[in-house]
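Read off the chains here:
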Amino acid sequence: MKKKGPPQVIHQSSSLLSIFAEWSVSIFHKHQQYLATGESFRSLSFAFRISHSYISTIVKDTLSTLKKHLMPIFLPDLSTIDLNKKASEFWTKWNFPNCVLAIDGKHVRIRCPEKTGSLFFNYKDYFSIVMLAMVDANYKFIAIDVGSFGREGDSGIFLKSAMGQKILDGSFGFPEKKQLPGSDKVLPHVIVGDEAFRLHPNIMKPYTRQSARHDKSKAVFNYRLSRARRVTENAFGLLSQIFRVFYQSINIDPMTCDDLIVVACCLHNLLREGYLEENGQAFFEERKSSTTLQINNLIPITRGGGFTNAEGFLVRDSFKDFFNNEGSVSWQEDK
C-alpha cells in the first residue's frame, strides 16, 4: 500500500490558492456589480452564495480602501489644479470667459438610517444625503463635498463646505483678474451656479426669471450662464447612467454611502479620461438620443437662496454687457 506523501499536500495547497484567487475575484465582482446595478445585498448573496451580511462587510471595506487610494489620483487638492487651463476650456467649449468651474448640488436618496429622526428628511419628502460638486468643462468632478444632511438648506450646506469657505475667505486660489476676449473689461475668474447659490464676485448666478422676462440682455446672460452651468447636470447624468446604484434608494450606512459617492466620482473621472484618450473625441459634445432616461435619485437642491454681494452685482452686470456686445454669438438671440 502506497503512502500519501508531500505531492498530495502540494496539490491541496495549489487548490487552496486557486480557490482563494477565485474568491478574491468574486469579492471584486460583488463590489463592481453593486455599483453598476444597485442590486440588494440579499440578491447578490444568492448570486455569489455568500451571506448578505458578509457582502455588506465586503462592500464597506472595499469602498473605504478605494476611497483612500483613488482620491489622491482622481480628486486631488485644488491647489494642484491649473485653473487657467480650466478657464480656457470653458471659453473654448462653452463660450463663457473667465469661468473656471461650475457648481451644483444633488440629493442622493437613501433609506432612513436608524435613530436619526428627521436629520436626513429633505424638502422633497424623502431621506437623502447631499452631494455638492464642482465640475470642469469636460464633465469631470474637480471637487466634491459629501455627507450633509438632507434637511439642511442649500445656503447652509455651501457655507459650511470646505470649498464654500475657501471661496468666501479668498483662499480658493482663483487666478488673477483677466481681460475678457476682444474687450477692455478686466474681470475676476468665477464659478457658475444656479439660483441656489449666493451671488459673489467669484460666483455667478442667473438673474431672476421675472427680471429676465422683461430685459432681453438679462435673458441672454441667463442663457449663456446656463449653457456653461449645465456641465454639472451632464456630469450627474453620466454618473448615474454608469453607476445604476443611484437609480434607487441606497440602503447602507450613511458613512458607507459617503464613501460610495466619492468612489463613484473617482471612477467617473477615470472613465472620462480613458474615453477621451482612447477615442480622441471631446465627450462634452451633445449627442442626440431617441430616448431620455430620468434620474430618479439625484434631485437638485433648493432653488433660490443665499445672501448677495454688492460687488457681485457689478461683476454680473459686466458679464451681461460683454455677452450682449463684443462677446455675443450669432445663435444666442434664437434661444
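Note: the structure precedes this text.
Cut-offs applied
Residues numbered from 1 in each chain as written. Predicted model: local features only at pLDDT ≥ 70, side-chain atom pairs only at ≥ 80, totals over all residues. Heavy atoms only, no water. Helix = DSSP H or I, 4+ residues; strand = E, 2+ residues; numbered from the N terminus. Buried < 20%, exposed > 50% of the residue type's maximum accessible area, 1.4 Å probe, protein only. Contact = heavy atoms within 4.5 Å. Areas by Shrake-Rupley, 256 points an atom, 1.4 Å probe, with all protein chains shown as cover. Pairing = 2+ DSSP bridges. Axes fitted to C-alpha atoms, helices over the stretch in contact; angles between N-to-C directions. Parallel < 35°, antiparallel > 145°, perpendicular 65-115°, else oblique. Nonpolar A, V, L, I, M, F, W, Y, C, P; charged D, E, K, R; others polar. Phe/Tyr/Trp six-rings, centres within 6.5 Å; stacked < 30°, edge-to-face > 60°. Lys NZ or Arg CZ within 6 Å of the ring centre and 35° of its normal. Salt bridge = Lys/Arg side-chain N within 4 Å of Asp/Glu carboxyl O. Left-handed = near helix turned anticlockwise from the far one by under 90°. Expected span 1.5 Å × (residues − 1). Bend = angle between axes of the 7 residues up to and from the residue.

Turning to the overall build of the protein chain, a few remarks are in order. Along its length, the protein chain carries ten helices and eight strands. For the protein chain, the residues scored as buried account for 47% of the 335 residues in total. The contacts of the protein chain with a sequence gap of at least 6 include a subset with a gap of at least 24, amounting to 69%. Accessible surface for the protein chain amounts to roughly 17,600 Å². Of this, 53% is attributable to carbon and sulfur atoms.

On to the pairing of strand β2 (residues 128-135), then. In terms of residue burial, β2 counts as a mostly covered element, since eight of its eight residues are buried. Summarising the sheet, β2 and strand β3 (residues 141-149) pair through seven bridges and their orientation is antiparallel. Its bridge partner being in β3, leucine 132 is matched across the sheet by aspartate 145. What sits between β2 and β3 in their antiparallel hairpin is a turn of five residues, with tyrosine 139 showing a positive phi close to 70°.

This part covers the packing of helix α8 (residues 216-242) against helix α10 (residues 310-324). Packing of α8 against α10 brings their axes to within 9 Å, and their N-to-C directions diverge by 95°. For the element pair α8 / α10, the angle class is roughly perpendicular. Along the contact surface, α8 presents Lys216, Ser217, Lys218, Val220, Phe221 and Arg224, while α10 presents Arg316, Phe319, Lys320, Phe323 and Asn324. Grouping the amino acids of the contact of α8 with α10 by side-chain chemistry returns four nonpolar, two polar and five charged.

This structure, assessed with the given rule, holds 13 aromatic pairs. Plain terms: the ring middles of phenylalanine 141 and phenylalanine 236 are 5.8 Å apart, the flat faces sit at 45° to each other, and that makes the pair tilted. You can see phenylalanine 141 sitting in strand β3 and its partner phenylalanine 236 sitting in helix α8, a full 95 residues away along the chain. Given the relative accessible area of 1%, phenylalanine 141 is considered buried. Taken together, a centroid distance of 4.7 Å and an interplanar angle of 35° make the contact between phenylalanine 172 and phenylalanine 174 tilted. Just as phenylalanine 172 is buried, phenylalanine 174 falls in that class too. Among the aromatic residues, ring-to-ring pairing joins Trp91, Phe96, Tyr207, Phe221, Phe319, Phe322 and Phe323 into one connected group. A cation over an aromatic ring shows up here: arginine 109 above the ring of tyrosine 126, its NZ or CZ 3.9 Å from the ring centre. Residue placement shows arginine 244 over the ring face of tyrosine 247; its charged tip is 5.1 Å from the ring centre.

The next point concerns unusual backbone geometry. Leave glycine aside and you will find that most residues have negative phi; peptide bonds, for their part, are mostly trans. Located in the positive-phi region is aspartate 125, a residue other than glycine, with phi close to 70°. Within the fold, aspartate 125 resides in the loop between β1 (99-109) and β2. Taking relative accessible area as the criterion, aspartate 125 reaches 59% and is therefore assigned exposed. Even without a glycine there, the phi angle at tyrosine 139 is positive, about 70°. Taking relative accessible area as the criterion, tyrosine 139 reaches 5% and is therefore assigned buried.

Attention shifts here to the pattern of salt bridges. What the rule picks out here adds up to nine salt bridges. In this structure, the salt-bridge partner of aspartate 136 is lysine 86, at a minimum N-O distance of 2.8 Å. You can see aspartate 136 sitting in the loop between β2 and β3 and its partner lysine 86 sitting in helix α4 (residues 83-94), a full 50 residues away along the chain. Classification of aspartate 136 by relative accessible area gives buried; the value is 1%. Put simply, lysine 160 and glutamate 152 hold a salt bridge, and the shortest N to O gap is 3.0 Å. Note on lysine 160: relative accessible area 43%, which makes it partly exposed. A relative accessible area of 22% places glutamate 152 in the partly exposed class.

This brings us to the packing of α4 against α8. When two helices pack together, their arrangement is given by the angle between the helix axes and by the axis-to-axis distance. Direction vectors running N to C along α4 and α8 enclose 115°, while the axes themselves pass 11 Å from each other. Crossing hand, α4 versus α8: right-handed. For the pair formed by α4 and α8, the contact residues are Phe90, Trp91, Lys93 and Trp94 on the first element and Arg224, Arg227, Ala228, Arg230 and Val231 on the second. For the contact of α4 with α8, the per-class residue count stands at five nonpolar, no polar and four charged.

Glancing now at α8. Taking 1.5 Å of rise per residue, the 27 residues of α8 would be expected to cover 39 Å, and the 39 Å separating its terminal C-alpha atoms lies within 8% of that figure. Of all the bends in α8, the greatest measures close to 35° and is centred on alanine 228.

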